[in-house]
Amino acid sequence: MTAPCPPASLQRPAPIGPTSQATQASIVLVGMMGAGKSTVGRHLAQQLDCPFADVDREIERAEQCSVADIFAQRGEGAFRHLERVTIKRLLKSAPAGGVQVIALGGGAWAQPEVRHMVRATPHCRSVWLQADPATLRQRVAKQQPTRPLLAGTDPEAALECLLAQRAAAYGEAEIHLPAQGGVEQILAALLAKLADHPLMPPLPPIPGTP
Ligand SMILES: Nc1ncnc2c1ncn2[C@@H]1O[C@H](COP(=O)(O)OP(=O)(O)O)[C@@H](O)[C@H]1O
Ligand SMILES: O=C(O)C1=C[C@@H](OP(=O)(O)O)[C@@H](O)[C@H](O)C1
Ligand SMILES: [Mg+2]
């Protein structure tokens, strides 16, 4: 897929010394199931040539168990605990002097501890991918068995209900991005928004330069 060139503020910071080498930055995607966090996150990371982590996949790899089986066998509380532990680990794992993209699962951001962890992490931007329940339902339809909170329900009604419960939490994300369109369009809009919210403070002027 061809996508626009990332703005300079998003490119990896030049290795100018120990301070910038030690800097770690993260872009954290939040929003409902089907908003496109995993998809847009993977494309964004490709575009920025940086690591991408999907929290659900990280949990599945560590536990050797699907998200659906973790819900079924251990319950939602155990899954939420795994989310917190995994997100805490990932937030520390950005490359030194570089950026990473992290896609959360839809319910992770509804946990106050997760919002606090992200806010307390320097050089971290949270982005809410916003889509309406009808769009979310269409997108999750192909993958429905993988989302236990939608199993055995009217998915659109369940999505509407979860969105109502979580909207205030999602609203706490720093960047709000409509996610109704195609992936390419969302990616371009996301890059533009991120350019307005640089991950790094501006570099100090170099002495002797205008
Ligand atoms: N902008 C989009 N337009 C159309 N389909 C999309 C878009 N973003 C994601 N999808 C599709 O919707 C489904 C859910 O996307 P996914 O990235 O897994 O969402 P999330 O991680 O937010 O639950 C996938 O089948 C994906 O290919
Ligand atoms: O909204 C939720 O509570 C969930 C969303 C899922 O991730 P996606 O948002 O990537 O589908 C996954 O973490 C789990 O099924 C629970
Ligand atoms: Mg996902």
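As named in an unreviewed UniProt entry, the chain is Shikimate kinase, taken from Formicincola oecophyllae. Looking at the chain in UniProt, the text filed under Pathway (unreviewed entry) is "Metabolic intermediate biosynthesis; chorismate biosynthesis; chorismate from D-erythrose 4-phosphate and phosphoenolpyruvate: step 5/7." One UniProt comment on the chain, placed under Subcellular location (unreviewed entry), says "Cytoplasm".

**So, the UniProt feature "binding site: ATP" (unreviewed entry) in the chain**
UniProt tags Gly 34, Ala 35, Gly 36, Lys 37, Ser 38, Thr 39 and Arg 147 as "binding site: ATP" (unreviewed entry). Looking at the secondary structure, you find Ala 35 in the loop between strand E1 (24-30) and helix H2 (37-48). Residues contacting Ala 35, with those up to four places away along its chain left out, are Leu 129, Leu 136, Arg 139 and Ala 179. With respect to the helices and strands, Gly 36 occurs in the loop between E1 and H2.

**Thoughts on the site of ligand 1**
Neighbouring ligand 1 are 16 residues, the closest being Gly 34, Lys 37, Ser 38, Thr 39 and Arg 147. Ser 38 is positioned with one of its side-chain polar atoms (N or O) 2.8 Å from an oxygen atom of ligand 1. Here an oxygen atom of ligand 1 and a side-chain polar atom of Arg 147 are 2.8 Å apart. A total of 550 Å² of accessible area belongs to ligand 1 in isolation, and the protein chains cover 79% of it. Taken together, the elements giving at least two residues each to the shell around ligand 1 come down to H2 and helix H9 (183-196). Partitioning the shell around ligand 1 into residue classes produces five nonpolar, seven polar and four charged.

**A few points about helix H8 (residues 155-170)**
The largest bend along H8 measures about 40° and falls at Ala 164. Buried within H8 are the following residues: Pro 155, Ala 158, Leu 159, Leu 162, Leu 163, Arg 166, Ala 169 and Tyr 170. Contacts made by the buried residues of H8 are with E1, helix H5 (76-91), helix H6 (112-120), strand E4 (124-130), helix H7 (133-141) and strand E5 (175-178). At the N-terminal boundary of H8, the capping side chain belongs to Asp 154, with an oxygen 3.2 Å from the backbone nitrogen of Glu 156.

**As for the site of ligand 2**
In the region of ligand 2, 14 residues are neighbours, and Lys 37, Asp 56, Arg 80, Arg 147 and Arg 166 sit closest. Within the side chain of Lys 37, an N or O atom sits 2.7 Å from an oxygen atom of ligand 2. Take Arg 147: an N or O atom from its side chain is 2.7 Å from an oxygen atom of ligand 2. Burial of ligand 2 by the protein chains amounts to 96% of its free accessible area of 390 Å². The element contributing the most residues to the shell around ligand 2 is H5, with three residues. A per-class count over the shell around ligand 2 returns five nonpolar, three polar and six charged.

**A short note on the side chain of Ser 26**
In this structure, Ser 26 sits in strand E1. A distance of 3.0 Å separates polar atoms of two side chains, one belonging to Ser 26 and the other to Gln 100.

**Observations regarding the UniProt feature "binding site: Mg(2+)" (unreviewed entry) in the chain**
In the numbering used here, UniProt assigns the feature "binding site: Mg(2+)" (unreviewed entry) to Ser 38. If sequence neighbours within four positions are ignored, Ser 38 has contacts with Phe 52, Asp 54 and Ala 103.

About the thresholds
- Residue positions are given per chain, counting from 1 as you read along its sequence in written order.
- Whichever chain is written first is A, and whichever ligand is written first is 1; the rest continue in order.
- At least 70 in pLDDT is required for a residue's local features to be given in this predicted model, at least 80 for side-chain atom pairs to be given and counted, and no such filter applies to totals for whole chains, interfaces and linings, which use all residues.
- Heavy atoms throughout the structure, all of them, feed into the side-chain values; hydrogens and water do not.
- UniProt positions are given in the numbering used here, feature names are shortened, and annotations may be inferred rather than shown by experiment.
- Only DSSP runs of H or I reaching four residues or more are called helices, and only runs of E reaching two or more are called strands; each is numbered from the N terminus.
- Here a residue-residue contact requires only that any non-hydrogen atoms of the pair lie within 4.5 Å.
- Here a residue counts as near a molecule or strand whenever at least one of its heavy atoms sits within 4 Å of it.
- For the purposes of these results, a polar contact is taken to be a pair of N or O atoms within 3.5 Å, where, inside protein, one atom must be able to donate a hydrogen and its partner to accept one; residues adjacent in sequence count only when each atom of the pair is a side-chain atom.
- Every accessible area reported is derived by Shrake-Rupley at a probe size of 1.4 Å, with residue values counting cover from the shown protein chains alone.
- Following the grouping adopted for this structure description, the nonpolar residues are Ala, Val, Leu, Ile, Met, Phe, Trp, Tyr, Cys and Pro, the charged ones are Asp, Glu, Lys and Arg, and the polar ones are all others, Gly among them.
- Consider a residue and the seven residues that end there alongside the seven that start there; fitting an axis to each set, the bend is the angle between those axes.
- Note on classification: 1.4 Å probe, protein chains only; a residue is buried when its accessible area is under 20% of the maximum for its type, exposed when over 50%, partly exposed between these limits.

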